[in-house]
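# Close look at the chain arrangement
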Amino acid sequence: MAVFIDGLLQRMTIEEKIGQLNLLAGYEDIITGEPHSSIIGTKIQEGRVGAILNVRSLEKIREMQRVAVEESRLGIPLLFGLDVIHGYKTVFPIPLALAASFDMELIQESARIAAIEATADGLCWNFSPMVDITRDPRWGRIAEGPGEDAYLASRIAEAFVRGYQGDDLTLNNTMMACVKHFALYGAAEAGLDYNTTDMSRIRMYNEYFPPFLAAIRAGVGSIMTAFNEVDGIPASGNKWLMTEVLRNQWGFDGFIVTDYTAINEMIDHGMGDLQTVAALALNAGVDLDMVGEGFLTTLGKSINEGLVSHEQLDKACRRILEAKYKLGLFDDPYRYINPERAEKEIFTEAHNRMAREMAAQTFVLLKNENQVLPLSKKGKIALIGPLADSQQNMAGTWSVAVDHSQSVTVLNAFREAVGNHAQILYARGSNIVDNPDLDLRTAVRGQPTVDLHRTPRQMREEAIAIARQSDVIVAVMGEPAEMSGESASRTDIGLPGSQQELLKALLKTGKPIVLVLFTGRPLTLTWEQENLNAILNVWFGGTQSGNAIADVIFGEVNPSGKLPSTFPQNVGQIPLFYNHKNTGRPLPDGKWFRKFRANYLDVTNDPLYPFGFGLSYSDFAYGDPLVNKTNLQGNEELSVSISLTNFGTRDGAEVVQFYIRDLVGSITRPVKELKGFQKVFLKAGESQEVTFYVTPEDLKFYNYFLEFDWEPGEFDIMVGGNSRDVKTIRIDWQK
Ligand code: BGC
């Protein structure tokens, strides 16, 4: 590769090298023949484009590639990238939901299928996985990420990268992954998208960086910068982040792309004019400029003026060429362009079956009083709510290739599931939100959803009427798909008011209520938890949402998802996360208010649902943890076993979680940290021993001097079905 690329670089002009660093959005059509009538066609021909994003047509991709290869002077092929965040045409659950499966094989498989479909449509580069840790559910992009925990996020990062890239990037059904957004994007102040972040390096290294490092170790080919600033310098111009951390400390040898127009945005950040910020970005370590053309329009001048060096330009250009080489594009620029594959391998029956199975694995049962769930297929079921019959809101945010008309609604799925054994009575019952302006801000593709022909009261009455005739109410409610995702921050994270009112009215009928909750973020559900009989959180399950929901509601599938993110009691508790520090004035266990202790006057410190929480139709009992030793030395291995029993009447899976607390450190340590998990399937009545192994590697953390090491002393070893309810054993480990 090196010889080939050296040769190519020698033949390139400065303009051609700069051209390789330009990533353009390819929305517009390119007209064939000469002269090119489209701007993009001309640019490709002139060698002023290195890569294209956002094209979803094999024909357009073929034509653009043809112009690059046949009509540009050096014939360098283009990279084609897209946000294939949770599936392509076959849409899988949103990433936060996938995280709730705690099933890394499933995540890898979803990424594998996404890559098969996307590459069959000509794409070779994916802007995924997004692994931004966040503890702030006000931030809409929590939906796109792995939740709050660095360990879980790291395993997820690896699974996605392996799924997309496979073992061989040159195959025509694998694609290059791009881990994003480096760094700290999820720590945006006040949960406001794009906002400033500011945190200690200890926290960055221990809590926010690990999934990026895990992606690099798994071989990720590219990394995307973040929009926000880090330590007073926007991430896209931050040399410490890109050169010191990524390159020097972690040895990353892929390429770095900015986020969308992030170089230009440094002007508004207050870093200087376009020429200044573009030079800053290149010198800091950016290789590819997304959409803003800051590199294309200013780097030539900056080279002449000595603001950037030839060497720096060559480095960036080399990395882009290397990526193309690794993907096999120099051998065959058309390797991803195959209409037969597009015909046969996209949105297949098999993929849809997988999507249905996967979605059911991501649902989290939050409450199930008196085992109201699963429902039996008999009598009359009132299916009520503005999301019960809404194809647009099944796939969830960032499903850029979805065809909504293929999404299965809950109503259709329920009708099919019960056949003529039960009767499904349906009413919409309320608007998603009553405020038309808010509706437009959150509606998919800006299509209004407020019912202009009926008042909220009329809708409610219709719903109450069918509820009265029914044996049980299934309320299908929550956020619409675009109430989370990019630029979708909220300050109030409750169920929208219109839907709460409907629930209150339904409650008065005295019928049992099961809430099927759609959401892209943790919501504040204190009232719902107190008043409703069952709550099944289904996030956004993708194209097969409806079927998967029916599978779980009627008991074909036993729910096993666990929360990857804490659900607070109210917004004022945010940020609330399980692996917090103890403080010098912790509240004793089981107490609420104590003067001069760390607590609130008006609400307990507890979450509504802790990290790792999720019920099942089965009941699982944990035995006491047993260790091979309680005093260990040096590189010994600790083994921790517990017996797990399913004493319910149904087969089911449980995510056994393993936490460690380092009791004394040279810096303060979290009250617990997830260090392992196993999803165990047990038949009704079955028991199994579950074992975790620990070595000093698992005890390491970044200390005050950012050295990664472990410290001897006592450790609490905890095992349980969520981060709150654990069984503990103490051990001592000396160096
Ligand atoms: C998002 C990225 C995405 C990019 C390209 C940006 O607005 O922040 O996550 O990959 O657009 O679509």
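About the criteria used
Residues numbered from 1 in each chain as written. Predicted model: local features only at pLDDT ≥ 70, side-chain atom pairs only at ≥ 80, totals over all residues. Heavy atoms only, no water. Helix = DSSP H or I, 4+ residues; strand = E, 2+ residues; numbered from the N terminus. Buried < 20%, exposed > 50% of the residue type's maximum accessible area, 1.4 Å probe, protein only. Contact = heavy atoms within 4.5 Å. Near = heavy atom within 4 Å. Polar contact = N/O pair within 3.5 Å; in protein donor to acceptor, adjacent residues only side chain to side chain. Areas by Shrake-Rupley, 256 points an atom, 1.4 Å probe, with all protein chains shown as cover. Nonpolar A, V, L, I, M, F, W, Y, C, P; charged D, E, K, R; others polar. Core = buried A, V, L, I, M, F, W, Y, C linked by side-chain atoms within 4.5 Å. Pairing = 2+ DSSP bridges. Right-handed = clockwise from strand over helix to strand, strands pointing away. Patch = residues over 30% accessible without salt bridge, like charges linked within 9 Å, V, L, I, M, F, W, Y side chains within 5 Å. Salt bridge = Lys/Arg side-chain N within 4 Å of Asp/Glu carboxyl O. Expected span 1.5 Å × (residues − 1). Axes fitted to C-alpha atoms, helices over the stretch in contact; angles between N-to-C directions. Parallel < 35°, antiparallel > 145°, perpendicular 65-115°, else oblique. Left-handed = near helix turned anticlockwise from the far one by under 90°. Phe/Tyr/Trp six-rings, centres within 6.5 Å; stacked < 30°, edge-to-face > 60°. Arc of directions from axis to C-beta.

### Some thoughts on the environment of Leu-663
- Mapped onto the fold, Leu-663 is located in the loop between strand E21 (652-662) and strand E22 (673-682).
- Residue classification places Leu-663 among the partly exposed residues on the basis of a relative accessible area of 28%.
- For the pair Leu-663 and Glu-530, spaced 133 residues apart in sequence, the C-alpha separation works out to 36 Å.
- Ignoring anything within four residues of it in the chain, the contact list for Leu-663 reads Glu-714, Phe-715, Asp-716 and Arg-730.

### Here's the deal with the site of the ligand
- In the neighbourhood of the ligand, 13 residues make up the surrounding shell, with Asp-83, Arg-141, Lys-180, His-181 and Asp-259 lying closest.
- Asp-259 has a polar side-chain atom sitting 2.5 Å from an oxygen atom of the ligand.
- At 2.9 Å from an oxygen atom of the ligand is found a side-chain nitrogen or oxygen belonging to Glu-486.
- Isolated, the ligand exposes 310 Å² of accessible area, and the fraction of that covered by the protein chains is 93%.
- Tallied by class, the residues present in the shell around the ligand amount to 7 nonpolar, 1 polar and 5 charged.

### Focus on the nonpolar core
- Counting 137 residues, the largest nonpolar core has Trp-125, Phe-182 and Phe-209 as the members making the most contacts within it.
- Here this core gets 9 residues from one element, more than from any other, and that element is helix H6 (residues 104-120).
- Ignoring sequence-local partners within four residues, the contact set of Phe-209 consists of Phe-182, Ala-183, Leu-184, Met-204, Trp-240, Leu-241, Val-245 and Trp-250.
- Counting residues in each nonpolar core, the second largest holds 81 residues, with Leu-373, Leu-411, Leu-525 and Phe-613 among its members.

### Some points on the pairing of strand E16 (residues 534-537)
- Both faces of E16 are covered, namely the face carrying Ala-534 and Leu-536 and the face carrying Ile-535 and Asn-537.
- As paired strands, strand E15 (residues 513-518) and E16 are joined by 4 bridges and run parallel to one another. Note that in E16 the partner of Val-516 across the bridge is Leu-536.
- Of the crossover connections in this fold, the one passing from E15 over helix H21 (residues 526-531) to the parallel E16 is right-handed.

### Side note on a nonpolar patch on the surface
- On the surface, a cluster of nonpolar side chains totalling about 260 Å² of accessible area is made up of Met-1, Phe-4 and Tyr-325.
- Positionally, Phe-4 belongs in helix H1 (residues 2-11).

### Some points on helix H19 (residues 456-469)
- Here H19 contains 14 residues, and its C-alpha end-to-end distance of 21 Å stays within 8% of the 20 Å for a straight helix at 1.5 Å per residue.
- Within H19, burial applies to Met-459, Arg-460, Ala-463, Ile-464, Ile-466 and Ala-467.
- Where H19 is buried, its residues touch strand E12 (379-384), strand E13 (422-427), strand E14 (472-478) and helix H20 (497-507).

### Section: the packing of helix H8 (residues 201-208) against helix H10 (residues 239-249)
- For the pair H8 and H10, interaxial distance at closest approach is 15 Å and the crossing angle is 55°. Considered as vectors, H8 and H10 are oriented oblique to each other. Where H8 crosses over H10, the two elements pack in a sense that is right-handed. Between H8, through Arg-201, Met-204 and Tyr-205, and H10, the contact on the second element is made entirely by Trp-240, Val-245 and Gln-249.
- Here the contact of H8 with H10 is composed, by residue class, of 4 nonpolar, 1 polar and 1 charged.

### Here's the deal with the environment of Ile-549
- Mapping Ile-549 onto the fold places it in helix H22 (residues 545-553).
- Under the relative-accessibility criterion, Ile-549 is labelled buried at 0%.
- Sequence separation between Ile-549 and Ala-359 is 190 residues, and the spatial gap between their C-alpha atoms is 8.1 Å.

### Quick word on the packing of H1 against helix H14 (residues 310-326)
- Look at H1 against H14: their axes get within 10 Å of each other, and the N-to-C directions meet at 130°. Taken as axis vectors, H1 and H14 run oblique relative to one another. Helix-helix and strand crossings are classified by hand; for H1 and H14 the assignment is right-handed. When H1 is examined against H14, the residues Ala-2, Phe-4, Ile-5, Asp-6, Leu-8 and Leu-9 are found in contact with a partner set consisting of Asp-314, Cys-317, Arg-318, Leu-321, Glu-322 and Tyr-325.
- The residue inventory of the contact of H1 with H14, partitioned by class, reads 8 nonpolar, no polar and 4 charged.

### What about the pattern of salt bridges?
- Within the structure shown, the criterion is met by 41 salt bridges.
- Notably, a salt bridge pairs Arg-141 with Glu-144, separated by 2.6 Å at the nearest N-O pair.
- Each of the salt bridges in this network shares a partner with another, and the network as a whole consists of Glu-63, Arg-66, Glu-70 and Glu-71.

### Let's talk about the side chain of Gln-657
- In this fold, Gln-657 is placed in strand E21.
- Within the local environment of Gln-657, its side chain forms a polar contact with the side chain of Tyr-659, the two groups lying 2.6 Å apart.
- Beyond its immediate chain neighbours, meaning those up to four positions away, Gln-657 contacts Lys-562, Phe-611, Gly-612, Leu-674, Gly-676, Phe-677, Met-718, Val-719, Gly-720, Gly-721, Asn-722 and Ser-723.

### Focus on the sheet that holds strand E19 (residues 631-633)
- Strand order in the open sheet formed by 5 strands is E19-E27-E26-E21-E22, and the pairing between neighbours is mixed. Looking at the sheet topology across the chains shown, the edges are occupied by E19 and E22. Strand after strand, the sheet turns through a mean of 25° between neighbouring axes, direction not considered.

### Brief notes about the environment of Gly-163
- The residue Gly-163 is located in helix H7 (residues 150-165) in this model.
- Relative accessible area serves as the criterion here: at 0%, Gly-163 is assigned to the buried category.
- Separated by 52 residues in sequence, Gly-163 and Ala-111 place their C-alpha atoms 4.7 Å apart.
- Sequence-distant contacts of Gly-163, defined by excluding residues within four places in its chain, comprise Gln-108, Ala-111, Arg-112 and Ala-115.

### Observations concerning the packing of aromatic side chains
- Throughout the structure, instances matching the rule amount to 32 aromatic pairs.
- Where Phe-182 meets Phe-209, the ring centres are 5.3 Å apart and the plane angle is 40°; that geometry is what we call tilted. Here the residue Phe-182 occupies a position in strand E5 (residues 176-182), and Phe-209 occupies one in the loop between H8 and helix H9 (210-217), the gap between them amounting to 27 residues. Accessibility classification places Phe-182 together with Phe-209 in one group, the buried group.
- For the ring pair Tyr-578 and Tyr-659, a centre distance of 5.5 Å and an interplane angle of 70° mean the geometry is edge-to-face. One end of the pair, Tyr-578, is in the loop between H22 and strand E17 (620-622); the other, Tyr-659, is in strand E21, and 81 residues separate them in sequence.

### Quick word on the sheet that holds strand E2 (residues 51-53)
- Read across the sheet, 8 strands follow the order E9-E6-E5-E4-E3-E2-E1-E10 without closing on themselves; strand pairing throughout is parallel. The sheet terminates laterally at strand E9 (255-257) and strand E10 (289-290), the two strands that pair on one side only.

### A closer look at helix H11 (residues 262-269)
- Regarding H11, the residues found buried are Ala-262, Ile-263 and Met-266. Here the buried residues of H11 occupy an arc of 105° about the axis, which is enough to place them on one side.
- Of the surrounding secondary structure, the elements contacted by the buried residues of H11 are strand E8 (233-234), helix H12 (274-284), E10 and helix H13 (294-304).
- In the segment just after H11, Gly-270 is the residue with positive phi, at about 90°.

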